[in-house]
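What follows is each chain in one-letter form.
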Amino acid sequence: MKKLYRIYSFALVMLLVLSMTIIPAAAVEDMWKVANRIIVDVYGKLAGISTVLAGLMSAVAVVGAKISNNQHKVDQAWDWLKRIWVAWAIINGIGAFIAYVRPLFSGLATIS
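Residues numbered from 1 in each chain as written. Predicted model: local features only at pLDDT ≥ 70, side-chain atom pairs only at ≥ 80, totals over all residues. Heavy atoms only, no water.

Topic: the environment of I84
Counting through the fold element by element, I84 comes out in helix α3 (residues 71–101). Judged by its relative accessible area of 15%, I84 is buried. I84 sits 34 residues away from S50 along the chain, and the two C-alpha atoms are 9.7 Å apart. When near neighbours in sequence (up to four residues on either side) are disregarded, I84 contacts A54, M57 and S58. (Helix = DSSP H or I, 4+ residues; strand = E, 2+ residues; numbered from the N terminus. Buried < 20%, exposed > 50% of the residue type's maximum accessible area, 1.4 Å probe, protein only. Contact = heavy atoms within 4.5 Å.)

So, in structure tokens, the structure goes:
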């Protein structure tokens, strides 16, 4: 029993020493602010790239439709043009939706 008491006492002393040597770490920014900044940055770059690609692919589709002499290929080019702009509208619409909806939920995640 005396050996068990010494082991227990040693464990408690080590726990006390360990707790005194731990340096508390404080983050410079809140995790949610950092995540928001990253999301806004990534989405901004994604929207910019999608706009450039949509413009480039639209030009390719229009040139392909104007140059082609086959009606089937012309119809395919116009279908691709529609798909390009629908995809572009969806990608940019997500950002607009989030920018509109996020302020509506700004005070709901707090404990009072």
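Once you've had a look at it, read on.
Digging into helix α1 (residues 2–21)
The end-to-end C-alpha distance of α1 is 29 Å, a good match for the 28 Å that 20 residues give at a rise of 1.5 Å each. The element α1 is largely exposed, with a buried count of 0 among its 20 residues. (Expected span 1.5 Å × (residues − 1).)

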